[in-house]
Amino acid sequence: VKETLTTIKERDQKLAAFLTLNEQAALDQAAKLDQQGIDPANILAGIPLAIKDNIVTKNLRTTAASKILENFQPIYDATVMEKLAAQQAVTIGKTNLDEFAMGGSTENSAFQITKNAWDQTKVPGGSSGGSAAAVAGGEVLAALGSDTGGSIRQPAAFNGIVGVKPTYGRVSRYGLIAFASSLDQIGPFTRNVKDNALLLNAISGLDPHDSTSSNQKVPDFAAGLDGNIKNMKIAVPKEYLGEGIAEPVKAAIKQAISTFEKLGATVDEVSLPHSKYGVPVYYIIASSEASSNLQRFDGIRYGYRAQDVKNLEDVYVKSRSEAFGDEVKRRIMLGTFSLSAGTYDAFFKKAAQVRTLICQDFAKVFADYDLILGPTAPTTAFGIGEDIDDPITMYMNDILTIPVNLAGLPGMSLPAGFADGLPIGLQLIANRFAENTMYRAGYAFE
Ligand code: GLN
């Protein structure tokens, strides 16, 4: 823990991955573990982990990178935090993100801009950019993030590490500050596939506090990692290697395909014809859910409250106007519009219908295949400031990750080479609750 704190203080001057360090509490916990001893069954015992700052941590400031929660001290732990504590893991600090996890570059944080671990002029991706940079920069061994439309997989790709979004329902969302409740999942960032499987084991499972958590049995994700994927059937959607995907990314993915073939898997081309509607469908559904979820930040119960107010309406309007950033406001407006009586049928309802078509595309492929393979993102990490004034370009960056959330499937990004010194991410997508297949293939590949 001491060594980790020293490393973070040195490296974070460059990376700006952390918003809050849990310094004294982590040292105290480590001293206590030294005294009491650790349970050898607890594979995470004594290991310092970084936690995305939209996961609530008891008595440890949790901001969601928003001014509205700048001084928020939660009075309870998220379920994943309780599970990590039961494993005797140590929370070393809270990592930067796009405000309320809305973004793909971590530039929407109200507090600081995190840098890519490989090139500090580039974004780390987002929204879990702080967690990804902290792991890739060697500050911590592993971290937790959240993924609503790609926020674990895309920063994992941009930083050359392993990131997993579990099946919707695999991990409890209790204590995850809600962005879009039908899409959000917490998941692990690590430097290799096996560590990732071990960390997912620790946080998975049914939770009475989250009615959308699943009662499906949690298998040992690290079991069966033996490198043998003979006869595994892999599908490559032609849309995932089409227009808009950078040439070096395509080349790296084609290289990965031949590696899988050499390992004994069969690889065929398939089609996900509705995936091209993923981005507009996602921005209607995610923004609608966000507009509802963010109503709780009203300047009354907790968080920022505006001064100089004349009446209740003023408290709401001024507090929210002053403390939400531009991207959050954009989405609240978009979501409120999509859910309005006059526009619901044309926007929210239509988007929900197209979401079903996207789910059916995947179901058809998984009737015949074990795994879907493609790139994680269309490009490698882009420059800081490059896309920030162009929301549409920023949104299109998630075209390959978003359909996976809409269908509730598990997805993994893992390193698959470099272009101009920047990492390229390979995405593996499995059927619902088939994370094991994804881990086996990832392990054989890396
Ligand atoms: N970049 C996407 C967005 O801005 C995804 C974010 C996420 O997964 N939290 O909504």
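Residues numbered from 1 in each chain as written. Predicted model: local features only at pLDDT ≥ 70, side-chain atom pairs only at ≥ 80, totals over all residues. Heavy atoms only, no water.

## Here we look at the side chain of Asn-397
Piece 1. Relative to the assigned elements, Asn-397 resides in the loop between helix H12 (391-396) and helix H13 (402-406).
Piece 2. Under the relative-accessibility criterion, Asn-397 is labelled buried at 9%.
Piece 3. Of note is the side chain of Asn-397, whose polar atom sits 3.1 Å from the side chain of Gln-154.
Piece 4. Among all residues touching Asn-397, those that are not within four sequence positions of it are Gln-154, Phe-158, Ala-377, Pro-378, Thr-379 and Phe-382. (Helix = DSSP H or I, 4+ residues; strand = E, 2+ residues; numbered from the N terminus. Buried < 20%, exposed > 50% of the residue type's maximum accessible area, 1.4 Å probe, protein only. Polar contact = N/O pair within 3.5 Å; in protein donor to acceptor, adjacent residues only side chain to side chain. Contact = heavy atoms within 4.5 Å.)

## Section: the site of the ligand
Piece 1. If you check the shell around the ligand, you find 15 residues, and the closest are Gly-149, Ser-151, Tyr-282, Arg-331 and Asp-398.
Piece 2. One of the backbone nitrogen or oxygen atoms of Gly-103 is found 2.8 Å away from an oxygen atom of the ligand.
Piece 3. Measuring from an oxygen atom of the ligand, one finds a backbone N or O atom of Gly-150 at 3.3 Å.
Piece 4. Per-class residue counts for the shell around the ligand are five nonpolar, seven polar and three charged. (Near = heavy atom within 4 Å. Nonpolar A, V, L, I, M, F, W, Y, C, P; charged D, E, K, R; others polar.)

## Considerations on the UniProt feature "active site" (unreviewed entry) in the protein
Piece 1. The sites that UniProt annotates as "active site" (unreviewed entry) are Lys-52, Ser-127 and Ser-151. These annotated residues cover 100 residues of sequence, but their C-alpha atoms sit close together, with the largest distance between any two at 10.9 Å.
Piece 2. Assignment of secondary structure puts Lys-52 in strand E2 (residues 48-52).
Piece 3. On the accessibility criterion, Lys-52 (0% relative accessible area) is buried.
Piece 4. With sequence-adjacent residues up to four places away left out, Lys-52 is seen in contact with Lys-94, Thr-95, Leu-97, Ala-101, Ser-127, Ser-128, Ser-131, Leu-144, Gly-145, Ser-146 and Ser-151.
Piece 5. As for its placement among the helices and strands, Ser-151 is situated in the loop between strand E4 (142-147) and helix H5 (153-159).
Piece 6. The contacts of Ser-151, once residues within four sequence positions are left out, are Lys-52, Ala-101, Gly-103, Gly-126, Ser-127, Ser-128, Ser-146 and Phe-189. (UniProt positions renumbered as here; feature names shortened; annotations may be inferred.)

## Points about the pattern of salt bridges
Piece 1. For the structure shown, the criterion picks out nine salt bridges.
Piece 2. For Glu-23, the salt bridge goes to Lys-9, with nearest N and O atoms at 2.7 Å. Of the two residues, Glu-23 is situated in helix H2 (residues 23-36) and Lys-9 in helix H1 (residues 2-15); the sequence distance between them amounts to 14 residues.
Piece 3. Overall, the relative accessible area of 29% leaves Glu-23 in the partly exposed class. (Salt bridge = Lys/Arg side-chain N within 4 Å of Asp/Glu carboxyl O.)

## Focus on helix H4 (residues 129-136)
The α-helix advances 3.6 residues per turn, and as a result positions three or four apart in sequence lie on the same side.
Piece 1. Across the eight residues of H4, seven count as buried, placing the element largely inside the fold.
Piece 2. Every buried residue of H4 is accounted for by Gly-129, Gly-130, Ser-131, Ala-132, Ala-133, Ala-134 and Val-135.
Piece 3. Positive backbone phi, approximately 75°, marks Gly-138, located one or two places after H4.

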